[in-house]
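Notes for the structure review
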Amino acid sequence: MKALYKDRRFQAVVAANVLSSIGSGITMLAIPLLLVASPDGNKLFGTIMLIMTVISFVATPYIGVLIDRMSRKKMLLTVELIGFITVMLFVIVGFVTNYSTIHYIILYGTGNFFYPTIFALNQEVFSKDVFQSLNSIMEIQGQLSSMLAGAAASLVITRWSLQWILTVDAATYIAAFLFLLSIPYKRSSERSDKKHTAMKEGLAFIKENRSVSLFLLLSFMPFIAVMMTNYLFPIYLTQELNASPAAYGIESAVYGFGALTAGILIVSIMKRTGTELAIMLNISLFALGISIIFFMKLLPVYFSIVFLLAFANAGTRVARNTFMMQKIPNIIVGRVDSCFRFITLGIRILLIFFFTYVTANDRIGLAFLGLSLLLLSSAVAGWTLYKRKQQKQSALLKSVL
């Protein structure tokens, strides 16, 4: 790990990731507040979330192809440059006139390819023996960046106008661009061949490695559940626990601490258990937490379970990223990753429709029941796949001996 810390490429990747997370994080916290404050804000924000999820659903397969076709360094630099130009245009708008709802919508909907591209770049430029440590450190800095973004947002949102917040965001884009520019990078000759950039190659890998692919898909379920709890937990805190607004801030801090703890401990866990078993232990922990949280109607207990959910989700993510880097060839990792993102976005769209319906009819318990069944069935299916693989390996070993 010491060698990794001294690696100039690693230092540049972490610096760019931190800057991107903090800069865009502050903006993405400010925009929803401004949207909600507008007429019919709650309904508008929910509609925008659904529309953006659908747009991501449609665009994701094409993003995967681009990640595998282009130089990943050039793609990251292009993303940062486009982000800077877009944000600066809105800075100018803010100084010239007042922002309107359409401006908020465009800003909130301005996504980028940063995170799936940086994942593919990391796999390409770093050796396999540092994948566990690399993903763990990326998780730690990601959580620290989110916490810093939240702290900074709480200080500036009520004191600064949006154009000044966007100016800070624009500055982080340029700083991240310069760090990424400094990364020594040479695109592999194998990826330079455009014959190897069709989406069907990613689908072919999934078909040929069905057990691995299904196992990976199951490992995304805690993340899907977390996306849904971002919608459910505020309603649960207000309607079921009668919590004060301060509880939202405490929950965010507890969640960040839980995820940060997982980032610190997960490498040791993976070294002791192996990557796949670490994934299953974390999925199971998350399934347990999400199955009992609705019935634990005391704030201290609720916060304790939130800590466990954060730990399990972050632990699953680090182990899954390591597993993907180990199992998926870098030449097709963008397309394979986009296939999983496509499927999980589809699941999220269906769940958003379901949860919107049941919460509108004051049946939030049904939403938690749905999440519980999804996670418990994923855990059972995952353990089944894991045990089958262990049995095959054991039988193979006996035949060799």
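The structure under discussion appears in the preceding block.
A few points on the structure. Since this is a predicted model, take the numbers as computed values, not measurements. (Residues numbered from 1 in each chain as written. Predicted model: local features only at pLDDT ≥ 70, side-chain atom pairs only at ≥ 80, totals over all residues. Heavy atoms only, no water.)

**Considerations on helix α14 (residues 275–292)**
For an α-helix the count is 3.6 residues per turn, leaving residues at separations of three or four pointing the same way. Keep this limit in mind: In this text, helices come from DSSP runs of H or I with a minimum length of four residues, and strands from runs of E with a minimum of two, each type numbered from the N-terminal end. What a helix is expected to span follows from its residue count: subtract one and scale by 1.5 Å. Relative accessibility thresholds used throughout: buried, under 20% of the residue-type maximum; exposed, over 50%; partly exposed, between the two (1.4 Å probe, protein chains only).
Under the 1.5 Å per step criterion, the end-to-end length of α14 is 26 Å for 18 residues, consistent within 8% with the ideal 26 Å. Here α14 lies mainly inside the structure; 13 of its 18 residues are buried.

**A short note on the environment of Ile 140**
The condition that has to hold: Contacts were defined at the residue level, with two residues in contact if any of their heavy atoms lie within 4.5 Å.
Tracing the backbone through its elements, the reader meets Ile 140 in helix α7 (residues 131–156). For Ile 140 and Val 79, which are 61 residues apart along the polypeptide, the C-alpha to C-alpha distance reads 23 Å. Setting aside residues no more than four positions away along its own chain, Ile 140 makes contact with Leu 260, Gly 263 and Ile 264.

**Describing the nonpolar core**
Defined as follows: We call a set of buried residues a nonpolar core when its members are Ala, Val, Leu, Ile, Met, Phe, Trp, Tyr or Cys and they connect through side-chain atoms within 4.5 Å of each other.
Core analysis: the largest hydrophobic core is formed by 95 residues, its most contacted members being Leu 180, Phe 286, Ile 293, Tyr 302, Ile 328, Phe 355 and Phe 368. The element that contributes the greatest number of residues to this core is helix α15 (residues 299–327), accounting for 11 residues. With residues near it in sequence (within four places) discarded, Phe 286 still touches Pro 222, Ala 225, Val 226, Leu 309, Ala 312, Asn 313 and Leu 375.

**Structural notes on the packing of helix α12 (residues 221–239) against α14**
The condition is simple: Only C-alpha atoms enter the line fits that serve as axes; for helices the fit covers just the stretch in contact. Angles between N-to-C directions range over 0 to 180 degrees. The scheme is simple: roughly parallel for angles under 35 degrees, roughly antiparallel for over 145, roughly perpendicular for 65 to 115, oblique for anything else. Two helices cross in a left-handed way if the nearer one is turned anticlockwise from the farther one by less than a right angle. They cross in a right-handed way if the turn is clockwise. Each residue is assigned to one class: nonpolar for Ala, Val, Leu, Ile, Met, Phe, Trp, Tyr, Cys and Pro, charged for Asp, Glu, Lys and Arg, and polar for all the others, Gly among them.
Closest axis-to-axis distance for the α12/α14 pair is 10 Å, and the angle between their directions is 30°. In terms of orientation, α12 lies roughly parallel with respect to α14. By crossing handedness, the relation of α12 to α14 is classed as left-handed. Together, Pro 222, Ala 225, Val 226 and Thr 229 of α12 and Ile 283, Phe 286 and Ile 290 of α14 make up the contact between the two elements. For the contact of α12 with α14, the residue count by class is six nonpolar, one polar and no charged.

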